[in-house]
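Examining the three-dimensional arrangement
These are the residues of each chain, in order.
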Number of protein chains: 10
Amino acid sequence: MLYLVRMDVHLPHDMPAEKADAIKAREKEYSQELQRQGKWQQLHRVAGEYANYSVFDVESHDELHTLLSGLPLFPYMTMKVTALAHHPSSIH
Amino acid sequence: MLYLVRMDVHLPHDMPAEKADAIKAREKEYSQELQRQGKWQQLHRVAGEYANYSVFDVESHDELHTLLSGLPLFPYMTMKVTALAHHPSSIH
Amino acid sequence: MLYLVRMDVHLPHDMPAEKADAIKAREKEYSQELQRQGKWQQLHRVAGEYANYSVFDVESHDELHTLLSGLPLFPYMTMKVTALAHHPSSIH
Amino acid sequence: MLYLVRMDVHLPHDMPAEKADAIKAREKEYSQELQRQGKWQQLHRVAGEYANYSVFDVESHDELHTLLSGLPLFPYMTMKVTALAHHPSSIH
Amino acid sequence: MLYLVRMDVHLPHDMPAEKADAIKAREKEYSQELQRQGKWQQLHRVAGEYANYSVFDVESHDELHTLLSGLPLFPYMTMKVTALAHHPSSIH
Amino acid sequence: MLYLVRMDVHLPHDMPAEKADAIKAREKEYSQELQRQGKWQQLHRVAGEYANYSVFDVESHDELHTLLSGLPLFPYMTMKVTALAHHPSSIH
Amino acid sequence: MLYLVRMDVHLPHDMPAEKADAIKAREKEYSQELQRQGKWQQLHRVAGEYANYSVFDVESHDELHTLLSGLPLFPYMTMKVTALAHHPSSIH
Amino acid sequence: MLYLVRMDVHLPHDMPAEKADAIKAREKEYSQELQRQGKWQQLHRVAGEYANYSVFDVESHDELHTLLSGLPLFPYMTMKVTALAHHPSSIH
Amino acid sequence: MLYLVRMDVHLPHDMPAEKADAIKAREKEYSQELQRQGKWQQLHRVAGEYANYSVFDVESHDELHTLLSGLPLFPYMTMKVTALAHHPSSIH
Amino acid sequence: MLYLVRMDVHLPHDMPAEKADAIKAREKEYSQELQRQGKWQQLHRVAGEYANYSVFDVESHDELHTLLSGLPLFPYMTMKVTALAHHPSSIH
């Protein structure tokens, strides 16, 4: 099942650079592992913003929440989730 | 270049059913032709709404506008376009 | 899987009363059939508004969209869908 | 009487982890006690967000406010309360 | 139990004046009957707008919804309901 | 002249408890004095929120502003003021 | 007492030109009479919009509402009223 | 003096095609005359929408309003005007 | 040329009182000097809020920005500027 | 390809003045270099706000994001990007 997720990142300005870098490194690793598993199907940067639009393909709302809330950047993000259904005009 | 587009359809309640059906049939044909050309890469229904999220892959803003404004349903839609850039954590 | 859905109804003021009554009667029948099947688990009126909050328990986004878009009042409604996951403090 | 409540949690980033954990532990205990009493009828996680949708069944606005303002996380939450009435199409 | 209700009226511009006047006359009668019963405790015009802020004192959400949805102007109104609890600093 | 005022309180999370308690105690005293004078006619808690809806009966905008800006919690509040006029259907 | 009022005009597109012209002529006359009385102190066009910002100097909320609701264009306007108090830095 | 103006066009769905075409033809002529005079410096389509962002270079708010309110499409547009000042980092 | 400006002040809660007082004193002096010059024509307190509505009469957008950005409180304010044009019904 | 970008700057109030000045100096240099290259075509101050509207002329969304995210003030800005297409009435 597909979910469109928009994530906006808001790092506190007083977070030490090393801490921020460490979190981002773990975020990248975590994200790429999920991409390789096929669960995080797409990951796009919103041009001009510290934000992304992603598409997840998972079994259930619970699995989606587990994956998203496990993101190292989760405490610093606002999320907006949209459930995507099949479109009758889609050729896929 | 990729663009995320959300389209919400608002057909007037007093549009005759045959006219609405004709427009929708042309819309489907138009959409599937663009999908086959690879320009309309993805087309998903927003669950519960007369709306879709789509991804377009075109050469320029001008090409995007030409495609979108040519939609048979264009006069009855509100559109929201987001430019998508490459994300540094994407494995693609 | 659970979905919270808020539905707001906007009937055109110039719809003849018989037509409105007929749609509402079909809506009620449709809704109660889905409730009896256990798919439409809860249905509450928003106090003071021509709107409801509902909880659906279905297999997928596609099933949800099929049920919602089949509502006789669907062309006159705005919908807001929220995917509900298990809460770690829930005793259920 | 039923109330739908959406709660969004915003913990300050500089709150020490032990303090946050202690508050969350008390929150869980408090929540489960109210669930066992039947006052906090439903508790669902909003998928992808540090937020929940809950249904309370209490005697009055005063009782609702007493329960909600007693939540250990209350100072860190924004709340949205909706009064739910009986729906004429509900089979319950 | 007290509820604050804001009502905004939007009459269609093409409603014949006699019909509008008849609805408003019934609205006034209905409103004053509820005021005399003590259920519609306060009724104030929002200065400059075709809107009011009202306070209702009723037994339940169901009673509130029954009263509000029975308003002759209900099909032409948008409503916003806020549940009011006792304030610890109130001297009443 | 009547004014409806909604006040939302946002105390900084790092304010020491004694300071917060002292401000709240002064706020209560100040509020009750104005209630006894008949200027702060009504004070209701918004159920579930650290907020209130109040009705003031004062001589002028200037008097209203003087009273509101003198609130000990004023620096921590957002206010929304609505001027209330007589409603032609009111029986008062 | 001063009130800042923003008025936005939305004439129905199917209103006959003569009717619109007649309403606007009465509006102008009404407005200028109130300006000459000193009650409608200022009247400014919002550049680029069919809207104005006005300042009224009247005795009470009731007088303001009577004046505004008497505007020939009132049924076609949305209004936003702000109560203006004396500013301690004003030299007037 | 420069003004950024966003214009969104909302033509009524029941406007006859010939009337719409005639208005659009006059709009184009009007617009191009102002562009040739140097008053309408820039005119860009918002990709995917029946809207534009324009930059005007005129003498005063009054001149801007005269130009904008004279647009044949003005009755069918919503406008948003932003006054643009010189930026200290601009090399122009 | 006239501009309506709404200014909302948000002083950080941890700013020392002396610093705040010093800024406000300079703000008052600055404001009154501009009022005496006729550039800051009107200054009104928004009743109940730490905000004002002002009218400026200056030569250009650049002069307006220079005056506003020179306000001692500027770093702590949000501003909303509206260009005001002559209204055809104004008697001035 | 053209993009309209609105940038709003929010510097933390506790940033030392020297640090802020250093960032702003680098921002100016960076901005002027891009202006000289023709990529940052226009840069306008929003009158009364610490914000700008800019027009960029770049090859792709990726180039735009690289330029914007490289701004020294980027961590302190909110951005809004709009893709601009050719307008059929433009004389350019």
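It should be emphasised that the depicted structure is a prediction, and the values quoted were computed from it without experimental measurement. Chains are numbered independently. Their residues run from 1 in the order of the written sequence. Numbering of ligands from 1 and lettering of chains from A proceed in the order in which they are written. Under the rules for a predicted model, residues below a pLDDT of 70 receive no local features and side-chain atom pairs below 80 are neither given nor counted, while totals for whole chains, interfaces and linings still include all residues. As a convention, hydrogens and water are excluded, and side-chain values are obtained from all of the structure's heavy atoms.

Here we come to the overall build of chain A. Looking only at helices and strands, chain A features 2 helices and 4 strands. Note on conventions: DSSP H or I runs of at least 4 residues are helices, E runs of at least 2 residues are strands, and numbering of each starts at the N terminus. Taken from the N to the C terminus, the helices and strands of chain A come in the order β-α-β-β-α-β. For the C-alpha atoms alone, the extent of chain A along its principal axes is close to 50 × 25 × 20 Å. Here chain A displays about 4100 Å² of accessible surface, and carbon together with sulfur accounts for 53% of that area. One finds the centroid of the 9 positive side-chain charges in chain A at a distance of 4 Å from the centroid of its 12 negative side-chain charges. Calculation of accessible area relied on Shrake-Rupley with a 1.4 Å probe; when residues are assessed, cover is drawn exclusively from the protein chains displayed. Under the counting rule used here, the positive set is Lys and Arg, the negative set is Asp and Glu, and His together with the chain ends is not counted. For the purpose of locating charges, the reference atoms are NZ of Lys, CZ of Arg, CG of Asp and CD of Glu.

A grouping of D14 of chain A, D14 of chain D, D14 of chain F, D14 of chain I together with D14 of chain J is seen on the molecular surface, where their side chains present a negatively charged patch. Position of D14 of chain F relative to the elements: it lies in the loop between β1 (2-9) and α1 (17-36). On the basis of relative accessible area, D14 of chain F is assigned to the exposed category, the value being 69%. Surface patches are drawn from residues lacking salt bridges whose relative accessible area is over 30%; two like charges belong together within 9 Å, two nonpolar side chains (Val, Leu, Ile, Met, Phe, Trp, Tyr) within 5 Å. In what follows, salt bridge is the name for a side-chain nitrogen of Lys or Arg lying within 4 Å of a carboxyl oxygen of Asp or Glu. For every residue, the accessible area (1.4 Å probe, protein chains only) is compared with the maximum for its type, and the residue is labelled buried under 20%, exposed over 50%, or partly exposed between those bounds.

Turning next to a positive patch on the surface. On the surface, K80 of chain A, K80 of chain B, K80 of chain C, K80 of chain D, K80 of chain E, K80 of chain F, K80 of chain G, K80 of chain H, K80 of chain I together with K80 of chain J cluster together into a patch of positive charge. Residue position: K80 of chain I is located in strand β4 (residues 77-86). Take K80 of chain I: its relative accessible area is 49%, and that puts it in the partly exposed class.

Strand order in this closed barrel of 8 strands is β1(E)-β3(E)-β2(E)-β4(F)-β1(F)-β3(F)-β2(F)-β4(E), and the pairing throughout is antiparallel. Each adjacent strand pair in this sheet contributes to an overall mean axis angle of 35°, direction not counted. Summarising the sheet, strand β2 (residues 40-46) of chain E and strand β3 (residues 51-57) of chain E pair through 5 bridges and their orientation is antiparallel. Directly across from R45 of chain E, in β3 of chain E, lies its bridge partner N52 of chain E. In this analysis, two residues are considered to be in contact whenever any of their non-hydrogen atoms come within 4.5 Å of each other. Here an angle of 0 to 180 degrees is reported between the N-to-C directions of two axes, which are lines fitted to C-alpha atoms, with helices fitted over the stretch in contact. Here helix α2 (residues 61-69) of chain G sits on the sheet and contacts β2 of chain E together with β1 and β4 (77-86) of chain F; the angle it forms with β4 of chain F, its principal contact strand, is near 70°. Each pair of strands is called paired provided DSSP finds at least two bridges between the two strands.

Attention shifts here to the interface of chain I and chain J. On the chain J side, the residues contacting the 10 residues of chain I number 7 residues. Here's the idea: put two parts together, see how much 1.4 Å probe accessible area each one loses, and the total over both is what we call buried area. Summing both sides of the interface, chain I and chain J together bury roughly 630 Å²; the carbon and sulfur share of this comes to 65%. Summed over the shared surface of chain I and chain J, the number is 0 salt bridges. Under the rule applied, a polar contact is a pair of N or O atoms within 3.5 Å (in protein, one hydrogen donor and one hydrogen acceptor; residues adjacent in sequence only if both atoms are side-chain atoms). The interface formed by chain I and chain J includes 2 residue pairs in polar contact (both at pLDDT 80 or more). Secondary-structure elements contributing two or more residues to the side of chain I that touches chain J are α2 (61-69) and β4 of chain I.

Residues and elements named next belong to chain B. Helix span is expected to be 1.5 Å times the residue number reduced by one. Taking 1.5 Å per residue, 20 residues should reach 28 Å; helix α1 (residues 17-36) reaches 28 Å between its end C-alpha atoms and fits that length. What α1 keeps buried is the set A20, I23, E27, S31, Q32, L34 and Q35. Projected down its long axis, α1 carries its buried residues within an arc of 165°, all on one side. Turned more than 90 degrees away from the buried face of α1, the exposed residues are E18, E29 and R36. On its buried face, α1 is in contact with β2 (40-46), α2 (61-69) and β4 (77-86). One or two positions beyond α1, positive phi appears at G38, with a value near 85°. Arc definition: it is the arc formed by the directions from the helix axis to the C-beta atoms.

This next bit is on the relation of the copies chain A and chain B. When the copies are superposed, the least-squares fit draws on C-alpha atoms of residues that have pLDDT of at least 70 in both. Mapping chain A onto chain B calls for a rotation angle of 180° and an axial translation of 0.0 Å; the resulting RMSD is 0.0 Å. The superposition operator between the copies reduces to a two-fold rotation axis.

At an RMSD of 0.0 Å, chain I and chain J line up after a rotation of 72° and a shift of 0.0 Å along the axis. The superposition operator between the copies reduces to a five-fold rotation axis.

Attention now moves to the interface of chain A and chain B. Contacts between the two partners involve 28 residues from chain A and, on the opposite side, 28 residues from chain B. The junction of chain A with chain B conceals about 2500 Å² of combined surface from both sides, 59% of it contributed by carbon and sulfur atoms. Area buried by chain A at its contact with chain B is led by R45, H87 and I91 of chain A, which between them contribute 23% of it. The interface formed by chain A and chain B includes 11 residue pairs in polar contact (both at pLDDT 80 or more). Of all the secondary structure elements, the ones that give two or more residues to the side of chain A that touches chain B are β1 (2-9), α1 (17-36), β2 (40-46), β3 (51-57) and β4 (77-86) of chain A. Among the residues forming the side of chain A that touches chain B, the class breakdown is 11 nonpolar, 13 polar and 4 charged. Note that β2 of chain A and β4 of chain B share 3 bridges and pair antiparallel. By the bridge assignment, H44 of chain A is partnered in β4 of chain B with H86 of chain B. Gly is placed with the polar residues, together with every amino acid not listed as nonpolar (Ala, Val, Leu, Ile, Met, Phe, Trp, Tyr, Cys and Pro) or charged (Asp, Glu, Lys and Arg).

Right, let's get into the sheet that holds strand β3 (residues 51-57) of chain B. Spatial strand order, β1(A)-β3(A)-β2(A)-β4(B)-β1(B)-β3(B)-β2(B)-β4(A): 8 strands in a closed barrel with antiparallel pairing. Taken pair by pair, the neighbouring strands of this sheet meet at an average axis angle of 35°, ignoring direction. For β1 of chain A and β3 of chain A, the ladder comprises 7 bridges, and the chain directions are antiparallel. Looking across to β3 of chain A, one finds that L2 of chain A is bridged to D57 of chain A. Where helix α2 (residues 61-69) of chain C meets the sheet, its contacts fall on β1 and β4 of chain A together with β2 of chain B, and the angle it forms with β4 of chain A comes to roughly 70°. Most of the contacts of helix α2 (residues 61-69) of chain J go to β4 of chain B, to which it runs at about 70°, and overall it touches β2 of chain A together with β1 (2-9) and β4 of chain B.

Before going further, it helps to examine the environment of K39 of chain C. Residues and elements named next belong to chain C. For K39, the location among the structural elements is in the loop between α1 (17-36) and β2 (40-46). A sequence separation of 25 residues divides K39 from L64, and the C-alpha atoms of the two residues are 9.1 Å apart. Ignoring sequence-local partners within four residues, the contact set of K39 consists of L34, V55, F56, D57, V58, E63 and L67. One polar contact links K39 to E63, side chain to side chain, over a distance of 2.7 Å.

So, on to the environment of Q35 of chain I. Position of Q35 of chain I among the secondary structure elements: in helix α1 (residues 17-36). Classification of Q35 of chain I as buried rests on a relative accessible area of 6%. With 31 residues separating them in the primary sequence, Q35 of chain I and L4 of chain I have C-alpha atoms 15 Å apart. The contact partners of Q35 of chain I, leaving out residues within four places of it in the chain, are S89, S90, I91 and H92 of chain G together with W40 and L43 of chain I. A distance of 2.9 Å separates polar atoms of two side chains, one belonging to Q35 of chain I and the other to S31 of chain I.

A word on the pairing of β3 of chain A. Of all 7 residues that make up β3 of chain A, 6 are buried, and the element is covered over most of its length. Where β2 of chain A folds back onto β3 of chain A in an antiparallel hairpin, the turn is made up of 4 residues, including G48 of chain A, whose phi is positive at roughly 90°.

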